[in-house]
Amino acid sequence: MKVRPSVKPICEKQKKKGHFITCDSYVTMTDGTGIVHIAPAFGEDDAKVGRRYDLPFVQLVDSKGELTEETPYAGVFVKKADPLVLKDLEEKGLLFDAPKFEHDYPHCWRCDTPLIYYARESWFIKMTEVKDDLIKNNDTINWIPESIGKGRFGDWLKNVQDWGISRNRYWGTPLNIWTCDCGHMHSIGSIEELKSMSDNCPDDIELHRPYIDAVTIKCPICGKEMHRVPEVIDCWFDSGSMPFAQHHYPFENKDLFESQFPADFISEAVDQTRGWFYSLLAISTLIFDKAPFKNVIVLGHVQDENGQKMSKSKGNAVDPFDALEKFGADAIRWYFYTNSAPWLPNRFHDKAVTEGQRKFMGTLWNTYAFYVLYANIDAFDPSKYNINDYKLSVMDKWLLSRLNSTVKAVDTNLSNYRIPEAARALQEFVDEMSNWYVRRGRERYWVQGLTDDKIAAYLTLYTALVTIAKTAAPMIPFMTENIYQNLVRNIDKEAPESIHLCDFPEIKEELIDLKLEEQMDKVLEIVVLGRAARNGSNLKNRQPLSVMYVKLDGELEDFYTEIIREELNIKNVDFTGEVDNFVSFSFKPQLKTLGPKFGKQLGEIRNALMNIDGSAAKAQLDNNGVLKLNISIGDIELAPEDLLIEAVQKEGFFTVSDRGITVALDTCLTEELIVEGFVRELVSKLQTMRKEAGFNVTDHINITIEGSEKVTDIAVSKASDITGDT
């Protein structure tokens, strides 16, 4: 079917049949009318269709985006010409309709003006010839995540196109091709070759425009002068040449380059799959037929707190220097390490940064400050003692075991480019060091004089602080430097000048006691459940309780039981194999899952669940993963997701379960327990008042109590307990 052209003089110059209907798979009815206008000079798809049907290639727009003299709209920018064209068509009676509809259109990311696809003559590298080599070399790279290497980047390579490397600009690396009127072309490979073929190349030739443009060479075919082509090279070619260009290889530094190539690791944002990642691999494949890097971490983009791309025009961009001034470099670095997997988008906002700053950096600094405070009081110098000369407590051994396990975990994760996992290992250790080891052992630092146990406590905490600072130094370089300078350089001038000149800590396998760590993990889990039970029963930790029953697999030694007692302020901890006396369970059907499967039998299932032994049913579900019921249609099995389970507390107890451990608090309070709880409340209030009054830990205070007769009587009767703790 032929189409009548609307602008005849232009069509007559085409000298090809160009106005007829063609077909292509990219035009669909789902995205519009199913009809599009084809302009082979202004689009990749259009050009492909044009080549397939031998359509004329007509360029009626100049390099400035303005229409040419061949049109009635000479000098008008293409987008501004739209209404003029519509007006002319209407005046000629050729316009059927001009509806407006919204659609995606490319705009310049700098000035936000409309862009056009524009065909021009270019120089290409025939990358399609090495497609198989590109894919082969890409398969040797460890992509993190793998899905981008195999998916987004791998798909790009499978559909690789020839690389248009020339640009019609002034600034840039001049394209090193000289041409002759006879048609001969020559690519210069070095300054030495250029000088050998030129009669006018200066000894100190500057290889950029305009100087290089003046250099001519003699044509080896006809003897005429050859001139350099005006184009410069795509800047991505420059970046892809970085591995060898930085060393001026192959002209010098051959050994240095070969010792560093391929790189162990690179990292850039996800949009570099078609940029730097590709240009590096493309050039390395062309020259060396190998991948230029062994490992690559792909980074997601930084977004605002609502998940929107940051943009100055939108007003949601964060000034990095303002953020650095507000939070510090360490806090921002830590946020990016821990917020999400590196390849996922990061929503950057103040709350997220300060939360990480508080959880990890604040905890580490407070633990360091605790050590410095008491070490200064005792004038403790760790360089005068050897930790191996002192008997370490179980808590000391546990901390050193966890320390070395953490160093091992961080080293393993960093070696495998698992950044968030390494950061989480550090954060968990610092939390345990502060909120478990230091908090449980504070009294050891309050003892008068330097006893052996106090020295062991100092040395253990000092070792942990210095070692974890060295381990975390690559991630939070400034805080760890501060800690190192005070704890290490301050007492040992022979130590490396900076923490960043120290070796990564060695893992002391002999100090790792996995059984000890496992036992302490169980203790921590029991304590967490015990605290949850106290919260659930509305009993503060300062209120002593008589007993807590614990059910768990395995056993704990007496030492650990003592820790549980002290942590939860419990008089006795009783390990038991049964918890039926403390809690029962009721079951209801989960309609979302059981409805589609047993619609007619739902009532029967509900009745069966109401009449079962709740404790026995819960045990069956925990042990077998399913609960079996017998109903009219036979035996059925219900999974945990098919059931709504409610724990029913028995009077006088509060029970909490998780991951195979159950704790049951006896919540009954005797008069003696109430008095003891009152004393602890008094101590807490006095310590708060002491702190608010600005007293130092070494200061002695006088306590006067007035008012309540009951409070006075309790305070007098328990005076030794109160004064000992305040």
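Remember, predicted model here, so these are calculated numbers, not experimental data.

### Some remarks on the overall build of the protein
Here comes step 1: In terms of helices and strands, the protein carries 26 helices and 21 strands.
Here comes step 2: Computed over its C-alpha atoms, the radius of gyration of the protein comes to 38 Å, more than 25% above the 27 Å expected for a compact globule of 726 residues.
Here comes step 3: Judged by the C-alpha coordinates and their principal axes, the protein covers about 110 × 80 × 50 Å.
Here comes step 4: Put simply, the protein has 726 residues, and 40% of those count as buried.
Here comes step 5: In the protein, of all internal contacts separated by at least 6 residues, the share reaching a separation of at least 24 is 67%.
Here comes step 6: For the protein, the exposed surface amounts to about 43,300 Å²; the carbon and sulfur share of it is 51%.
Here comes step 7: Seen as two clouds, the 84 positive and the 111 negative side-chain charges of the protein have centres 5 Å apart.

### Notes on the sheet that holds strand β15 (residues 570-575)
Here comes step 1: The strand order across the open sheet built from four strands is β15-β14-β21-β20, with neighbouring strands paired in mixed fashion. Either end of the sheet is taken by a strand with one partner, and the two such strands are β15 and β20 (653-658). Sheet twist, expressed as the average angle between the axes of neighbouring strands with direction ignored, equals 20°.
Here comes step 2: With four bridges connecting them, strand β14 (residues 545-551) and strand β21 (residues 661-666) associate as antiparallel partners. Each residue of the ladder has a partner; that of valine 550, found in β21, is valine 663.
Here comes step 3: Here helix α20 (residues 558-568) sits on the sheet in contact with β14 and β15, set at roughly 135° to β15.

### Side note on unusual backbone geometry
Here comes step 1: With an omega dihedral of 10°, the bond running from isoleucine 144 to proline 145 counts as a cis peptide bond.
Here comes step 2: Here proline 145 is to be found in the loop between β2 (142-144) and α5 (146-158).
Here comes step 3: Cis geometry is found at the peptide bond from phenylalanine 261 to proline 262, where omega equals 0°.
Here comes step 4: In this structure, alanine 379 takes a positive phi of about 50° despite not being glycine.
Here comes step 5: Summarising the element assignment, alanine 379 is placed in the loop between α13 (350-377) and α14 (394-415).
Here comes step 6: Non-glycine residue asparagine 569 carries a positive phi angle of around 55°.
Here comes step 7: In this structure, asparagine 569 sits in the loop between α20 and β15.
Here comes step 8: Since its relative accessible area comes to 6%, asparagine 569 is described here as buried.

### Examining the side chain of histidine 247
Here comes step 1: Position of histidine 247 relative to the elements: it lies in the loop between α8 (242-245) and α9 (254-260).
Here comes step 2: Given a relative accessible area of 11%, histidine 247 falls into the buried group.
Here comes step 3: Discounting residues that sit within four places of it in the chain, histidine 247 has contacts with Glu252, Asn253, Leu256, Phe257 and Gln260.

### Examining the state of the cysteines
Here a disulfide denotes a covalent bond joining the sulfur atom of one cysteine to the sulfur atom of another.
Here comes step 1: In this structure the tally under the stated criterion is zero disulfides.
Here comes step 2: Looking at the unpaired cysteine 180, the closest cysteine sulfur is the one in cysteine 222, lying at 3.4 Å.
Here comes step 3: You can call cysteine 180 buried: its relative accessible area is 8%.

### Digging into the packing of helix α15 (residues 419-440) against helix α17 (residues 452-472)
Here comes step 1: Running from N to C, α15 and α17 cross one another at 165°; their axes reach a closest spacing of 11 Å. Between α15 and α17, the interaxial angle falls into the category roughly antiparallel. The crossing of α15 and α17 is left-handed. Residues Leu426, Phe429, Val430, Met433, Tyr437 and Val438 of α15 form the contact with α17, whose participating residues are Ala457, Thr460, Leu461, Ala464, Leu465, Ile468, Thr471 and Ala472.
Here comes step 2: When its residues are assigned to classes, the contact of α15 with α17 shows 12 nonpolar, two polar and no charged.

### Overview of the pattern of salt bridges
Where charged atoms from two side chains of opposite charge approach closely, those side chains can pair.
Here comes step 1: Taken as a whole and judged by the stated rule, the model has 27 salt bridges.
Here comes step 2: With a closest N to O distance of 3.8 Å, aspartate 133 and lysine 136 form a salt bridge. Here lysine 136 and aspartate 133 lie together in helix α4 (residues 131-138), a separation of three residues that amounts to about one turn.
Here comes step 3: With a relative accessible area of 27%, aspartate 133 lands in the partly exposed category.
Here comes step 4: As a salt-bridge pair, aspartate 453 and arginine 444 come within 3.0 Å of each other at their nearest N and O atoms.
Here comes step 5: A single network of salt bridges, built from pairs that share partners, joins Arg439, Arg440, Arg531, Glu566 and Glu567.

### Quick notes on the pairing of β21
Here comes step 1: Across the six residues of β21, six count as buried, placing the element largely inside the fold.
Here comes step 2: Side chains Ile661, Val663 and Leu665 of β21 all project onto a buried face; the interleaved residues Thr662, Ala664 and Asp666 project onto the opposite face, where all are buried too.
Here comes step 3: Summarising the sheet, β20 and β21 pair through six bridges and their orientation is antiparallel. From the neighbouring strand, serine 657 faces β21, where its bridge partner is threonine 662.
Here comes step 4: What sits between β20 and β21 in their antiparallel hairpin is a turn of two residues, with arginine 659 showing a positive phi close to 50°.

Here is what the cut-offs are and how they apply
- Residues numbered from 1 in each chain as written.
- Predicted model: local features only at pLDDT ≥ 70, side-chain atom pairs only at ≥ 80, totals over all residues.
- Heavy atoms only, no water.
- Helix = DSSP H or I, 4+ residues; strand = E, 2+ residues; numbered from the N terminus.
- Rg over C-alpha atoms; globule rule 2.2 N^0.38 Å.
- Buried < 20%, exposed > 50% of the residue type's maximum accessible area, 1.4 Å probe, protein only.
- Contact = heavy atoms within 4.5 Å.
- Areas by Shrake-Rupley, 256 points an atom, 1.4 Å probe, with all protein chains shown as cover.
- Lys, Arg positive; Asp, Glu negative; His and termini not counted.
- Charge placed at Lys NZ, Arg CZ, Asp CG, Glu CD.
- Pairing = 2+ DSSP bridges.
- Axes fitted to C-alpha atoms, helices over the stretch in contact; angles between N-to-C directions.
- Disulfide = S-S within 2.5 Å.
- Parallel < 35°, antiparallel > 145°, perpendicular 65-115°, else oblique.
- Left-handed = near helix turned anticlockwise from the far one by under 90°.
- Nonpolar A, V, L, I, M, F, W, Y, C, P; charged D, E, K, R; others polar.
- Salt bridge = Lys/Arg side-chain N within 4 Å of Asp/Glu carboxyl O.

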